[in-house]
Amino acid sequence: MKARPYLIALVLLVLVAGLLVVFRTPSGDNAQQQRQETSPEAAVEAGAGAGDAYYPTDGNSGYDVTLYDLKITYDPKSKQLEGVATITATATADLSRFNLDLEGLKVSDVKVGGQPAKFVQEGDHELVITPSTPLAKTKPFTAVVTYGGEPKAVADASLGRSGWQISSTGGAFAAGQPHSATSWFPANDTPRDKATLKLAARVPDGWTAVSNGLEGPVTRDGGWTTFNWSEETPLATYLVTVAIDKFEIVRSKLPNGTPVLDAYAPGTSGQKKPLQAEMPEIIAYLETKFGPYPQRAAGSIWVADQIGFSLETQTRPIYASWADLETVVHENAHQWFGDSVTISNWADICLNECLASYSQWMWLEKQGTNLDERYRNRVEELRQRSSFWAPKLYDMGKGNEFRGVYDKGIMAMHALRKQVGDDVFFKTLKTWTAEHRDGNASWPEFENLFKKTSGQQLDGFFQAWFRGSGIPEEQYLLPVGVRR
């Protein structure tokens, strides 16, 4: 067949146009990458809430944070804080917008990927950010949030005050759970999204800012001092802290070379230094039971305040003025249980508190206490006290997270130890801390591991002690290993 001349010219024109498209348009993977980087298909609006049943609006979906790089300036006199948070994250979906959590502070500017982004603050703590172009799934991005104001404590009818608190000595500190971080920096406020930390805290000369991890250089300029801190072991947001006071700083090292920094607020060092001096021996003992110390640093922050809790802020616990030696044991045990292995949901809090509380008994055992006798005596004292046995230790309900875990939790852990035997109990704890190091885990996973390592079915035991309410049946209340 022979084509007519005008058709041949038309065909030639189409062929030339096609060649131009081929040379100007990326193909294959490159084309797909360009489309993702400019305008992801079916971009979604990531929502508020990370899925925790007790705190459904805490945290956010759509991304995973890898680093919080915080720069804050705080003046104890005016109580004003100014901050710039550079948040590095990876999108887990094609995002047209996403949320951060921030409570009580005003945002003045947001940039995403170096470009101005639209933003609005909604409700109690939602910072809703719309980037100038959508974010592509699996791609890292940075959000830079400029904010400021007077930080406030977060009040909770069940759990008390947490977050940013003004110290009786004139300084301030951030501590509390389940909420704390968002009172002083924007964050994905869920334990499931652990990230590393950098902090540059600028305070007036004469004040000191202490935080997590390793201390960096200190610089001074125009009446202000900047303290730099970094924590490369991922941490949950509620375990991030900064404390500002006229601290006495004491530096040392653990026998294995791990750096230790202890900070004593005015009026605390005389009483608290002897307690903190026990910390190296405590960590060495806990290592024999739980495995190697999982943090890059150790130490303490002693405040002069009668707050309602001490807290296992990662590498450097914050201690209330009432804290005693058992509290030091408890908070350092958390460096394994809670800090290194972090809960998946707040219903799992026994993984933190029951084990840290039982460590207090273990320390007494090291000093010569017969724990089986202690346990049997407690059982007889408490048999008729229904209020002691009432709290559930797993999935206890919002606001009940810290009922029972500090006392009934101790008894439950000793009963578990006696049910499976010492060898299985401590080998399983070492397996647990090794398998989930720097990650998250749930209570059902803990149960399943003990069933596997012990070769026992254990459903009835866990139901009686942890999932149920009321005094356990006699076979679980007094396992064979603890009977006379």
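Values in this document were obtained by computation on a predicted structure and should not be read as measured data.

## Describing helix α3 (residues 269-276)
- For α3, the complete set of buried residues consists of Ser269, Lys272, Leu275 and Gln276. Relative to the axis of α3, the buried residues are bounded by an arc of 135 degrees and lie together on one face. α3 presents Gly270 and Gln271 as exposed residues on the side facing more than 90 degrees away from its buried surface.
- Packing partners of the buried residues in α3 comprise β18 (248-253), β19 (259-264), α4 (279-290), β20 (298-302), β21 (318-319) and α5 (325-333).

## Considerations on the sheet that holds strand β11 (residues 162-166)
- Sheet architecture is open: 5 strands sit in the order β10-β11-β12-β17-β14, paired in antiparallel fashion. Two strands lie at the open edges of the sheet, namely β10 (153-154) and β14 (208-211), each paired on one side alone.
- Relative to strand β17 (residues 242-245), β14 runs antiparallel, the two being bridged by 4 bridges. Within β17, the position partnered with Thr208 by the bridge is Asp245.

## Quick notes on the UniProt feature "domain: Peptidase M1 membrane alanine aminopeptidase" (unreviewed entry) in the protein chain
- When the UniProt feature table is mapped onto this chain, "domain: Peptidase M1 membrane alanine aminopeptidase" (unreviewed entry) is found at residues 326-465.
- As annotated, residues 326-465 comprises 62% helix and 3% strand, and the C-alpha atoms at either end are separated by 24 Å.

## Focus: the environment of Ile72
- One can find Ile72 in strand β2 (residues 63-75).
- Taking the C-alpha atoms as reference points, Ile72 and Tyr147, 75 residues apart in sequence, are found 9.5 Å from one another.
- Once residues lying within four places of it in the same chain are set aside, the contact partners of Ile72 are Leu81, Glu82, Gly83, Tyr147, Trp184, Leu199, Ala200, Ala201, Arg202 and Val242.

## A short note on the sheet that holds strand β3 (residues 80-91)
- Reading across from one edge, β6-β5-β9-β3-β2-β13-β16-β15 is the order of the 8 strands in this open sheet, with mixed pairing throughout. Either end of the sheet is taken by a strand with one partner, and the two such strands are β6 (115-116) and β15 (214-221).
- Both strand β5 (residues 106-112) and β6 contribute to a ladder of 2 bridges, which runs antiparallel. Across the sheet, the residue bridging to Lys111 is Pro116, located in β6.

Scoring rules and cut-offs
Residues numbered from 1 in each chain as written. Predicted model: local features only at pLDDT ≥ 70, side-chain atom pairs only at ≥ 80, totals over all residues. Heavy atoms only, no water. Buried < 20%, exposed > 50% of the residue type's maximum accessible area, 1.4 Å probe, protein only. Helix = DSSP H or I, 4+ residues; strand = E, 2+ residues; numbered from the N terminus. Arc of directions from axis to C-beta. Contact = heavy atoms within 4.5 Å. Pairing = 2+ DSSP bridges. UniProt positions renumbered as here; feature names shortened; annotations may be inferred.

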